Amino acid sequence: MSEDIWVISGGRFVDLDLSVVCEEPVSGPVMEYKISELARYLLNPAPLTLEEKVIGCKVRYRNTMSWALKNIFSKFLPRKKKFEEDEIHLVDEIISSSKIGVPTFQDQGLNDHFKRISQMLRPYDPVQKKLASIDKSRIDEIMAMCEDVGGNRFQLNLQGNIEEKIRFVTSSVSKKVKVVLSRAYLSNGLFEMRGFDFALLKTNEGRKLLKFTRNGQTKYCVVNENYDFEFWIDDHAMISYLHLFAQAVSSDSRLREALLLCAEDQARPLKLLFSNQLEQKYSETYVPQAYRELLKTYKISKNDRDAITEVLNSFQTVVSLNYVDESGTAKPKLFTNISVLHDIKALEPIKGRLPRLYSEIDKKAPVSSEGRLYLLDSMRGYQNA
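Quick look at the structure, then. Predicted model, so just to flag it, every value in this text is computed and none were measured. (Residues numbered from 1 in each chain as written. Predicted model: local features only at pLDDT ≥ 70, side-chain atom pairs only at ≥ 80, totals over all residues. Heavy atoms only, no water.)

## Comments concerning the overall build of the protein chain
Across its full length, the protein chain holds 12 helices and 17 strands. In the protein chain, buried positions account for 41% of the 385 residues. Restricting the contact set of the protein chain to residue pairs at least 6 apart, pairs at least 24 apart contribute 74%. By element, 50% of the accessible surface of the protein chain is carried by carbon and sulfur atoms, the whole surface being about 21900 Å². (Helix = DSSP H or I, 4+ residues; strand = E, 2+ residues; numbered from the N terminus. Buried < 20%, exposed > 50% of the residue type's maximum accessible area, 1.4 Å probe, protein only. Contact = heavy atoms within 4.5 Å. Areas by Shrake-Rupley, 256 points an atom, 1.4 Å probe, with all protein chains shown as cover.)

Now the structure itself:
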């Protein structure tokens with residue numbers, strides 16, 4: 001059942017001897033939270049091994065133009081123009097024209113047949129042709145280019161010398177390769193979700209998050225059910241993300257549905273992102289879900305509607321989960337589920353003007369460590385993958 005999905009419990013003070021965890025004394029009480037396997041995955045600093053599709057490479061050439069000549073030319077070119085010309089001259093992005101991946105027919109003989117055809121066509125691929133004719137002495141660096149299911153491209157740094165890197169690209173283009181990420185948390189509120197085993201979504205293994213003070217600083221660590229140390233949490237922003245995710249999961253049925261699809265192998269999770277603001281602002285014509293019925297129920301003037309709209313565009317937290325729906329027989333679709341959380345303190349300017357409306361929203365905003373948040377809006381969109 002969807003209500004079985006959880007992230008983190010409320011905190012409670014416990015009497016613990018943390019001498020095994022910390023070599024130095026711990027002052028004051030210890031706050032304990034129970035966390036799910038999903039929460040542990042998000043916090044875990046361990047590296048992940050994933051598969052990414054190589055679509056080409058980016059080649060950076062040595063700039064053989066002497067500094068003297070560059071200085072002469074720079075006198076006749078604007079600074080910005082000079083930089084752009086330099087970039088065009090030094091970097092070359094070579095992308096494969098092949099859209100064919102590894103064949104996955106049930107007939108292995110048919111798969112082998114298409115693989116042989118693909119091998120015969122490889123010498124004619126733009127990446128293969130370019131790298132076969134390139135002057136390797138001019139190459140300063142070469143990086144593999146990958147592309148995710150949403151069409152977003154990113155570069156992959158390679159190990160070895162130039163010859164080894166070229167061999168890697170030519171043998172890997174249009175194929176999936178193993179890539180090691182440092183952890184599930186990438187940066188700036190972005191988490192990689194493909195490394196989590198969603199079969200564990202609703203399990204409870206007794207993992208705990210401990211919060212305490214050491215040397216005047218707040219510390220967090222994860223322990224197992226026997227309080228054996230597992231790992232430290234260095235970036236405390238991740239704790240906030242955990243609480244926000246829990247709030248979104250508990251209040252947004254669409255988000256729970258998306259997570260359940262992943263647990264049932266009907267969807268493939270990709271990324272989880274936390275941000276501070278929707279790109280599109282709410283307006284008189286674009287009203288969030290939480291207010292649509294309320295604005296119909298109460299008689300609200302044009303000025304009050306404008307005041308409501310203004311406060312709704314501040315104090316937001318946006319939780320976005322994107323995933324590929326693979327439940328149907330049609331072409332898979334890339335979905336993005338967006339949960340917009342709103343801090344009720346944003347409504348203080350209209351509390352006195354619209355007490356009944358405020359009271360209705362107040363009922364939906366539970367107390368949490370991140371403030372009193374309620375689900376302002378929930379939406380879902382898709383594109384063909």
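This is not the end of the story, as more comes after the structure.
## Some thoughts on the sheet that holds strand 14 (residues 316–325)
Strands sit in the order 8-9-13-14-15-17-16 across an open sheet of 7 strands; the sheet is antiparallel. Strands at the two margins of the open sheet, each flanked by one partner only, are strand 8 (185–187) and strand 16 (367–368). Two strands pair when backbone bridges link them, and strand 15 (residues 333–343) and strand 17 (residues 371–384) are joined in this way by 11 bridges, in the antiparallel orientation. The residue of strand 17 that forms the bridge with isoleucine 338 is methionine 379. On the sheet, helix 8 (residues 253–263) packs against strand 13 (267–275), strand 14, strand 15 and strand 17 and is oriented at approximately 30 degrees with respect to strand 14. (Pairing = 2+ DSSP bridges. Axes fitted to C-alpha atoms, helices over the stretch in contact; angles between N-to-C directions.)

## Considerations on helix 8
Residues of helix 8 that are buried include every one of Leu255, Arg256, Ala258, Leu259, Leu260, Leu261 and Cys262, and no others. The secondary structure elements touched by the buried residues of helix 8 are helix 7 (237–251), strand 13, strand 14, strand 15 and strand 17. At the N-terminal end of helix 8, a side-chain oxygen is found 3.0 Å from the backbone nitrogen of arginine 254, two or three residues along, and the residue is aspartate 252. (Polar contact = N/O pair within 3.5 Å; in protein donor to acceptor, adjacent residues only side chain to side chain.)

## A word on the pattern of salt bridges
Applying the stated criterion to the full structure yields 20 salt bridges. A salt bridge links arginine 207 to glutamate 37, with the shortest nitrogen-to-oxygen separation between them at 3.0 Å. Of this pair, arginine 207 sits in the loop between strand 9 (190–192) and strand 10 (208–214) while glutamate 37 sits in helix 1 (residues 37–43), placing them 170 residues apart in sequence. Judged by its relative accessible area of 16%, arginine 207 falls in the buried class. A residue is classified by how much of its surface remains accessible, and glutamate 37, at 9% relative accessible area, is buried. A salt bridge links arginine 268 to glutamate 326, with the nearest nitrogen and oxygen atoms 3.0 Å apart. You can see arginine 268 sitting in strand 13 and its partner glutamate 326 sitting in the loop between strand 14 and strand 15, a full 58 residues away along the chain. Judged by its relative accessible area of 33%, arginine 268 is partly exposed. The network of salt bridges with common partners includes Glu37, Arg40, Arg207 and Glu230. (Salt bridge = Lys/Arg side-chain N within 4 Å of Asp/Glu carboxyl O.)

## Considering empty space enclosed by the protein
Scanning all chains against the criterion turns up 1 cavity of 30 Å³ or more. Approximately 80 Å³ is the volume attributed to the largest cavity. For the lining of the largest cavity, the leading source of residues is helix 10 (residues 302–312), giving 4 residues. In terms of residue class, the lining of the largest cavity is built from 7 nonpolar, 2 polar and 2 charged. (1 Å grid on protein atoms, 1.4 Å probe; cavity = no way out; pocket = protein on both sides within 12 Å on 5 of 7 lines; lining within 4 Å. Points joined across faces, edges and corners; volume = space filled by probe spheres on them. Nonpolar A, V, L, I, M, F, W, Y, C, P; charged D, E, K, R; others polar.)

## Here we look at the nonpolar core
Ranked by internal contacts, the top residues of the largest apolar core, which has 71 residues, are Leu43, Leu209 and Phe245. Ranked by residue count, the leading element in this core is helix 7, at 9 residues. When neighbours within four sequence positions are excluded, leucine 43 is seen to be in contact with Ile35, Arg183, Leu209, Val222, Phe231, Ile233, Met238, Ile239 and Leu242. With 26 residues, the next largest nonpolar core counts Val287, Val318, Leu347 and Leu357 among its residues. (Core = buried A, V, L, I, M, F, W, Y, C linked by side-chain atoms within 4.5 Å.)

## Things to note about the sheet that holds strand 1 (residues 12–14)
What the 5 strands build is an open sheet, ordered 1-2-10-11-12; its pairing is antiparallel. Each edge of the open sheet carries a strand with a single partner, namely strand 1 and strand 12 (229–232). The sheet shows a mean angle of 35 degrees between the axes of neighbouring strands, taken without regard to direction. Where strand 10 lies against strand 11 (residues 217–223), 7 bridges are found, and the strand directions are antiparallel. Looking at strand 11, one finds that threonine 213 is bridged to threonine 218.

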